[in-house]
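Observations on the three-dimensional arrangement
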Amino acid sequence: MPTPEPPAGKKWKNGRLVNANWGGRRGGSGRKGAAASTVEQTPLATMAGAQASNLTPDTRTAPSFNAPGASQPRHRPSQGQRSHTSSFFLPRDMRQPVPAGEQNNNGSSGHHSLPSQDAQSVRMENDEYGDIASGHTEIDDSLVDEICRGTDTDTANTAEAETEASEAKGKSPLSEYLLASKNRIVAEIKKYGQPLCYKNGHFFDRPMHPVFALHHDATESFGPAKLYHRDIFVWLPHLLPKRPERFVCICGKHLTLRGYNDNPVARRVRRFPVDYFLLTNRFCCDHKRADNPGCGASFQGTNPHIISQLPRFVQEAFPAFISTRGAMDKQMMWEFNTGIVRRLGPSPFAELVCELQSRFHAQNELMYYAAALHFGLHGEDQVPAFSWFDDPDGFAGSPPSTSYLKAMYTDYIGAHRIYMDRVQATLPLDIAKGDHTFDVLKYMGGVKGEKIWKAAYNLVNQFEEVRAESLTLTKSMLFLREMLEKVQVSLKAVGHRPTALLYTDSPQLEQGFHETIMASLAENVQHVTKWTDLPPLQKSSVENGLVYSFSEDSMMIEDLAADILEEASKLPPTSVYVVALGIKFHFTSERVPQLDVIQIRTQSRVLVLQVSALNARSHFVPSLKAIFTSPSIIKVGFQIQQTLSTIADALSLDDLKRTAQRSSNPVFVDMGQFAKLAGIIEDPQMTLHGLVGAVLSKSFIPRSSDTWFDTLDMSSVDSLYLETDCVWQLWSSLSMHESVGLRLQPDQVKTHGQLVTLVHGCKAVARGSVEGHHPGYLDAAMADGETRRINITASRSLIRITEVLVPHALHTLHHQTIEWIFTHGKQAVVTTSQLRSRNATPPIRAVGLPMGFALPAPDSSTLAGDHTSFSISYSPGEQSSEDIQFDMWEATSDDEYMDEDSDFDSDIEYTADDDDIRIITSAFEHARDIIQRGVQGDPTLTTRVLDDAFHFMDRLLRLLSKKHSAFKAFCHDFSEAIFIRDKDDEAAVRAILEKQGVSWEYAKRARAPALNRRIRRYIPDRHTLTKRLTVLFTGYQDIFCSTKNQPSSRHQFFSDDAKEMATRLLETVRLGFLSDPPNIPLYYLMGRDRDGLNIYRTIRGTNSVEGGVHMAVRRVFGSLKASPELAECLLINWIFRRNQSVGYRNRTGRKFRGHFDIWLSDEIVEIATLLGVKPSFPMPRLLATRIATSETFGILPVDTTLAADLGITTLPSVRIDGVPHHQDQPVHVLSRLSTRPINQYRYLQLRQRTLYPVLPVATFAEYHKFKLLITNPMFRLGRGWYPAHEAYKNINFKTLAQFWNNEVNIQDRTITDVNQRLYYKLPGQLELHHKKTLLWKSEPSDDNAVTTLPPIPLPGVDIDEAFKSVQDLHANVDLDSFDPMALRPERAQREQRNSGSEDVDDAEEVNDTHVPMEVD
């Protein structure tokens, strides 16, 4: 029978008539109720009483209110299955008529059949396990993403797809509402000249509130459609206040209106708790205009070009950042920007938005059903189902995903980073603290699983603000050179003072580098070295006829030089004439050397000749040229080859140039090489200061060559006399020494007791002496307890080892290491050719001038008394019951900023008003003046690069046993020995403690951090500190642990390594690089606590960098594994915000409360100045965002000098002087952000400013290339043989990097596959990759294990049978079911079968472990 046509407004569904606009009903609970009441009831009472009726089993599905990606406890219907809802708690009213084809449960017709499309829904609702995963759902995970973390390859693509999917679809209530609203607004414009929302003073066109919408629909057609409506932000530029008469196109022609958008009508803007839509119109530059035709370009009303033509106050009203087919509310972006630096990352923030929007959906659903209940409606005919959350045809919820947030955030920070860089570049750097960190790199992503950066370097100023930061490709300081140079340029450009001090944890390694970059660190500095405290070098006496002569007259110079030539000619042919030679010179603008002074010393005279006016070759004194070129006159000097080469260049003497370029020539003798040959030093490049100290045991500091000009005073002449005579004294002393380091002569081989050095290749491995008396053989002890006879032949010698230099060096004749031989008899048979002569005193290692450090602590009127004496507090057997807090950290401000949530004001009462704040700020400026007076006025500083006290102490403490009974007392006394408390501060604190009855000793040990914030401490001068630490180390090093009862278990407090470290620390202190510098304050007064005690902040040391920056950065990154772009954005954004809060606190003593968009404040100040008014906030010190700079931070451009040396092609540097733009739109009117993907290789290339990015070895082509090149002999150093795991020591990685980068430059640029391309490399990156490959090769692979380590058959067990039993164990396991219980039957049978043989079980267990398996 054909189905009749349904009435108007109705449709057939499941055999019954329903409203065409409504869905089906949502089922009840499936429970059978009591009989229905027959009492006449009101609609509300009827619904309440309906609970007593019998219920029909429900076949519908509960909608899901969860956002995409969230857990979904309810079943979501398929595309063809609409979900409808009625009250969950109330059953259907049994008095209502039953539609045709449907029977009541209490009827006689029995149960009705369920439609096939509803079977799954019934199973889900009636099965408590129906929501368990079936295994057919696609999971949003990727193996590539988990292995190669930090690529974010598809972030932007995902964001674009997401925004497209979130658009209102088809004839949904939302799309119909948007279309109707647009038509209504157009009608309002025609009638009123503007939308009604504009007329009422609003941008938003808002729908009815759910309360009024539900009340209105209750009398008409009740439904949820109006609850799906969203706010509409109406942006019509041509109707806004103070708009231009005509909008202008980029071509200069005027624009005309071109209607409104149709698909989509409006753009969704992400916001919480609910999104809104942005409605705008279009403009076009009409090319069909009869008059003044345009270019045909078209613009949305939201285009930055249109917005930029509006008044500035109107521009700021634009509410969103537009992306491709989507948008994000500005307020939401600012909230996300704030949250991400406080460890609320993209994923948690996306979950937060999803939760709030889902709750908004649930709240609307509750209001909807509660209204239906209130108005007496019932059933699906009267109460249509409320849409699930993300139903595109209903509520259409669409919270932003993690990918979308990342894409929008990175582009937002990329647009504003120019302002952040400018603000950071304007910070001062009077006191600098620099430190590397390596841990933070673990939290960043890389390229194809390879880490891009090896370290991060931070430079912090006296206000604990990060002045500069860099992600470095290698650990080399050379990578930081240009960054630090630009910092110095910016300090001068902004008007800041130069850097006065720099703290670092490796001053002895970094001092020379920093002094080269920061010239202020080398001003008025006289370094302390190993020989500084020696007696000063004196000129030779004139009593023996020595004559000192100075001349600048050419005729007299000629006579003096002629006298030398005459003396040389009178010597017999077997004798040599020696002159000590030195020069002072400068370079012209053409980089040609010009001689200023020539210094000559002979046996009888010292000559200082000023030749500034005689540089022309034709005017130069002939006799002097004869001295330089004569082969019969031996020239000796310091760096004599460079001296002769400079003379040759200045006078165009080609023969002398060729002579100077020879590596070995009897015509000249270099003092460094001569001292090494005499066995006094190891490095021939040692400075003249070091040579004099090592050879003559005198202290001599030469004057810098840049102080010599056209005229010389007597003081300068005397200094030159001394320097010239110094070289002669070196020559005279070294001439008395025998040469060492040479092969033994025949007589030396047989000399008993001849001092020798044993070398393997070029490496000295041991020192000893020749054993001249022997029987012709040696019975050497072997490892197995036997002896092995080694004959002593004509080519062999017997030596006694007295000192081991390389313990693990394997000696071929003994087949044992040098350390083994030394501990088992000390005698060794060696090949005579491996022996070299030596002195009794080992040569001195090179310690150049760049190794002096800090001078005494600043003078203080309250720092009185003699502090050289010191006593230890530990008594053996006495154990303190107090909980000692080790006093290793200084009380810096960053201790409070370790966590920004901490409350620094917990125990301090700040009562300062604005006047007090100005006083504190003025005090800071005064302190800076004091710092600079120290820089400019004190000539006695030994260095401005200082060590960190915490790292100094940690070097020793990490070598001590923390279980030793003396450890806690030593930690306390170690701090007490280094730091001396201010007398006045200590007295004030003691007085407060006495009032409270607190012991000073208890407070000093258990509450040291609290005391350190209230008592200034000083590190005394190097002499005082040396004495105090000597007493400390001597008193503690031999103490035995009192908690050990057995004598065999008791050990001394200082191990051998600790004693060696203590000696090194004492030398460090003696050199002076721990003491406080004079005249430079290291404490600032921050305020007073409730007890009236001063609260100080110290700027000493680098612990504020360690705790306040590095640890906090690690917490910010967490487990994000960010891509290079996101990692840099996170880093610079966090540092930018931290600088504002920490810097403000350390300047004013107050907690920062305000916003971080400094560019807004600067623009307000500019406009307020033009208006002649004052802004609502204090005027900033300078408008930081208005100062152009070439500085950038994070991923730095590759150093141009380094790039040129390695063959890396660089791109021009970027400097923005005008208004900053981002993607061709001014940043201050930024309205559009891009979510389009940018290749990470491209991003790194742009940030590094290179033709190709500099990356570690990561691609397939690079692995293949490296494998081919590493075995090429052209990259070998030829230093001899190395074991396989140390093969990298014989590779010239710089040459390899140069060759590699040349291959990169000439590769085919049409190749787009990253796996087939080569990228630039640094020597350190190639070396690291080589080490990785060597380590990998040293580890046996599975194939090698099968070949070289075959399984050992066990007694009574056949290997094949054992392996077969393992296979049988899994033969019948249903792997598809993933049920581990399936293993139990087989395992139980196996255990029962083998229960009688315990040995067999053990054998099978071993075989399960050791049977080799082939791995593909």
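See the structure above.
None of these values were measured; they are calculated from a predicted model. (Residues numbered from 1 in each chain as written. Predicted model: local features only at pLDDT ≥ 70, side-chain atom pairs only at ≥ 80, totals over all residues. Heavy atoms only, no water.)

**As for the packing of aromatic side chains**
Cut-off, in case you're wondering: Each aromatic pair joins two rings of Phe, Tyr and Trp (for Trp, the six-membered one) with centres within 6.5 Å, and gets the label stacked for planes under 30 degrees apart, edge-to-face for over 60, and tilted for any other angle. Where helices and strands are cited, they refer to DSSP runs of H or I of at least four residues and of E of at least two residues respectively, numbered from the N terminus. Residue burial is assigned from relative accessible area. The probe radius is 1.4 Å, only protein chains are included, and a residue is buried under 20% of its type maximum, exposed over 50%, and partly exposed in between. We count a charge as sitting over a ring when the NZ of a lysine or the CZ of an arginine lies within 6 Å of the ring centre and within 35 degrees of the ring normal.
Under the definition given, this model contains 38 aromatic pairs. With 5.2 Å between their ring centres and 80° between their planes, F204 and Y276 make a pair best called edge-to-face. With a gap of 72 residues between them, F204 in strand 3 (residues 204–205) and Y276 in strand 7 (residues 276–284) connect regions that are remote in the sequence. Accessibility assignment for this pair places F204 and Y276 in one class, buried. With centroids separated by 6.3 Å and ring planes inclined at 55°, the aromatic side chains of F952 and F974 adopt a geometry described as tilted. With a gap of 22 residues between them, F952 in helix 26 (residues 949–957) and F974 in helix 27 (residues 967–978) connect regions that are remote in the sequence. Each member of the aromatic cluster is reached from another via a ring pair, and the members are Y198, F203, F204, F233, W235, Y276 and F318. The positively charged end of R789 is found above the aromatic ring belonging to Y777, 3.8 Å away from the centroid. Seen from the ring of F822, K826 lies directly overhead, with NZ or CZ sitting 4.7 Å from the centre.

**A look at the packing of helix 33 (residues 1103–1117) against helix 34 (residues 1124–1148)**
This is how the line gets drawn: Whenever a helix is involved, its axis is fitted only over the stretch in contact; in every case the axis is a line through C-alpha atoms, and angles between N-to-C directions fall within 0 to 180 degrees. These descriptions rest on fixed angle ranges, namely under 35 degrees for roughly parallel, over 145 for roughly antiparallel, 65 to 115 for roughly perpendicular, and the rest for oblique. Each crossing is labelled by how the near helix is turned from the far one, with a counterclockwise turn of less than a right angle marking it left-handed and a clockwise turn marking it right-handed. Any two residues whose heavy atoms approach within 4.5 Å at even a single point are treated as in contact. Under the convention adopted here, Pro, Cys and the residues Ala, Val, Leu, Ile, Met, Phe, Trp and Tyr are nonpolar, Asp, Glu, Lys and Arg are charged, and Gly plus all remaining residues are polar.
Between helix 33 and helix 34, the least distance of the axes is 11 Å, while the angle of their chain directions is 130°. In terms of orientation, helix 33 and helix 34 fall into the oblique class. Remark: the crossing between helix 33 and helix 34 carries right-handed chirality. Counting all contacts with helix 33, which are made through G1108, V1109, A1112, V1113, V1116 and F1117, the residues of helix 34 involved are A1127, L1130, L1131, W1134 and R1138. Across the contact of helix 33 with helix 34, the residue classes break down as nine nonpolar, one polar and one charged.

**Digging into the packing of helix 10 (residues 330–340) against helix 34**
The packing of two helices is summarised by the inter-axis angle and the distance between the axes. Close contact between helix 10 and helix 34 brings their axes to 10 Å; oriented N to C, the two are set at 85°. The angle between helix 10 and helix 34 places the two elements in the roughly perpendicular class. From helix 10, N337, T338 and I340 reach across to helix 34, where they touch L1130, N1133 and R1137. Considering only residue class, the contact of helix 10 with helix 34 consists of two nonpolar, three polar and one charged.

**Examining the pairing of strand 36 (residues 1094–1098)**
Selection rule: Note: two strands are recorded as paired if DSSP finds a minimum of 2 bridges between them.
Within strand 36, four of the five residues are buried, which leaves it mostly tucked inside the rest of the structure. Summarising the sheet, strand 35 (residues 1083–1088) and strand 36 pair through five bridges and their orientation is antiparallel. In the sheet register, G1087 faces strand 36, and the bridge partner there is I1095. Counting the residues in the hairpin turn of strand 35 and strand 36 gives five residues, including G1092, whose phi is positive at 80°.

**So, helix 14 (residues 481–494)**
To be explicit about the condition: Take the residue count of a helix, subtract one, and multiply by 1.5 Å to get its expected span.
For helix 14, with 14 residues, the first-to-last C-alpha span of 20 Å sits near the 20 Å given by 1.5 Å per residue. If you check which residues of helix 14 are buried, you get R481, E482, M483, L484, V487, Q488, S490 and L491. Residues of helix 14 that are buried make contact with helix 13 (402–425), strand 14 (455–460), strand 15 (466–472), helix 15 (507–517) and helix 36 (1200–1206).

**Some thoughts on the side chain of T1098**
Here is the rule: We define a polar contact as two N or O atoms separated by no more than 3.5 Å, with the added condition that, inside protein, one atom must be a possible hydrogen donor and the other a possible acceptor, whereas residues neighbouring each other in sequence contribute only through side-chain atom pairs.
For T1098, the location among the structural elements is in strand 36. Separated by 3.1 Å, the side chain of T1098 and the backbone oxygen of L1082 make a polar contact.

**So, the sheet that holds strand 17 (residues 547–551)**
Sheet strands pair via backbone hydrogen bonds, and the direction of the pair is either parallel or antiparallel. Strand order in the open sheet formed by six strands is 17-20-19-18-21-22, with mixed pairing between adjacent strands. Of all strands in the sheet, those with a lone pairing partner are strand 17 and strand 22 (668–670), marking the two edges. Direction aside, neighbouring strands of the sheet carry axes that sit 25° apart on average. Pairing analysis gives four bridges linking strand 18 (residues 577–587) to strand 21 (residues 633–637), with the strands arranged parallel.

**Regarding a nonpolar patch on the surface**
For clarity, the threshold we go by: Grouping into patches uses exposed residues only, defined as over 30% relative accessible area, and leaves out salt-bridged ones; the cut-off is 9 Å for like charges and 5 Å for nonpolar side chains (Val, Leu, Ile, Met, Phe, Trp, Tyr). Surface exposure here means Shrake-Rupley accessible area, sampled with a 1.4 Å probe, where a residue is shielded only by the protein chains that are shown. Think of a salt bridge as a Lys or Arg side-chain nitrogen and an Asp or Glu carboxyl oxygen that are within 4 Å of each other.
A cluster of nonpolar side chains, namely M208, V211 and F212, defines an oily patch on the protein surface of about 300 Å² accessible area. Looking at the secondary structure, you find M208 in the loop between strand 3 and helix 7 (210–217).

**Topic: the sheet that holds strand 11 (residues 431–437)**
A sheet is described by the order of its strands in space; here six strands give the open sequence 32-16-11-14-15-37, paired in mixed fashion. The two strands at the open ends of the sheet, each matched to only one other strand, are strand 32 (945–946) and strand 37 (1194–1195). Sheet topology note: the strand 16 (residues 501–503)/strand 32 ladder contains two bridges and is parallel. Its bridge partner being in strand 32, Y503 is matched across the sheet by L946. Each of strand 14 and strand 15 touches helix 14; the most contacted strand, strand 15, lies at about 160° to it.

Any functional reading would require information that these geometric values do not contain.
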